[in-house]
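Spelled out, the chains give:
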Amino acid sequence: MTDQSNNATIRVSDLMGTQVHTIDGLATVAEAMATMKRLQISSLVVNRRDDDDELGLITVSDVAREVTTRDRAPERVNVYEIMSKPALAVRSGMLARYAVRLLVEFRVSRALVVDEGGAPLGLVTLRDLVLGLSPE
């Protein structure tokens, strides 16, 4: 039986990755793929165009679904064409158990972690959250 009191105070900030790798929406998917491969990551945050814009997210799954399986040339597709925007974002202080519910509800594998002002702090995956909440 799990002691729920141990998990009651685990926050997103306790489980998130703190590296934020970004790309411009006008970059090609080929450039995004090369960056992900070089950094050994599976997603990139897409920069805002201006202060009124929202952050986006491009993932390997987006590339697979929108480019690879449709036989599109990655060098002819821009990131903005296939990214998710706005990116699902959670506050760093949110309880991890609520973040799990949010990701499951929206059927996504990761969320952008932001501070109170909306500035990106990192990323958290469903895997990070679930395993972080699991008993030792």
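Presented here is a report on the structure given in the accompanying data block.

Definitions and cut-offs
- Residues numbered from 1 in each chain as written.
- Predicted model: local features only at pLDDT ≥ 70, side-chain atom pairs only at ≥ 80, totals over all residues.
- Heavy atoms only, no water.
- Core = buried A, V, L, I, M, F, W, Y, C linked by side-chain atoms within 4.5 Å.
- Buried < 20%, exposed > 50% of the residue type's maximum accessible area, 1.4 Å probe, protein only.
- Helix = DSSP H or I, 4+ residues; strand = E, 2+ residues; numbered from the N terminus.
- Contact = heavy atoms within 4.5 Å.
- Axes fitted to C-alpha atoms, helices over the stretch in contact; angles between N-to-C directions.
- Left-handed = near helix turned anticlockwise from the far one by under 90°.
- Nonpolar A, V, L, I, M, F, W, Y, C, P; charged D, E, K, R; others polar.

What follows deals with the nonpolar core. Generally speaking, soluble globular proteins have nonpolar side chains that are buried together. Counting residues in each nonpolar core, the largest one holds 15 residues, and the members touching the most others are V12, V90, A96, V113, V124 and L129. Elements with a minimum of two residues in this core: α2 (12-15), α6 (96-106), β5 (110-114) and α7 (126-133). The element that contributes the greatest number of residues to this core is α6, accounting for four residues. Those residues in contact with V90 that lie beyond four places of it in its chain are V12, L102, A111, L112, V113, V114 and V124. Core analysis: the next-biggest nonpolar cluster, separate from the first, contains 14 residues, I23, L44, I58 and V79 among them.

Think of two packed helices as two axes; the pair is described by the angle between the axes and how far apart they sit. Two numbers describe how helix α3 (residues 29-39) lies on helix α4 (residues 60-68): the axes approach to 11 Å, and their chain directions differ by 145 degrees. In this structure, α3 meets α4 at a crossing whose hand is left-handed. On the side of α3, the interface is formed by V29, M33 and M36, while α4 contributes V60, V63 and V67. A class-by-class count of the residues in the contact of α3 with α4 yields six nonpolar, no polar and no charged.

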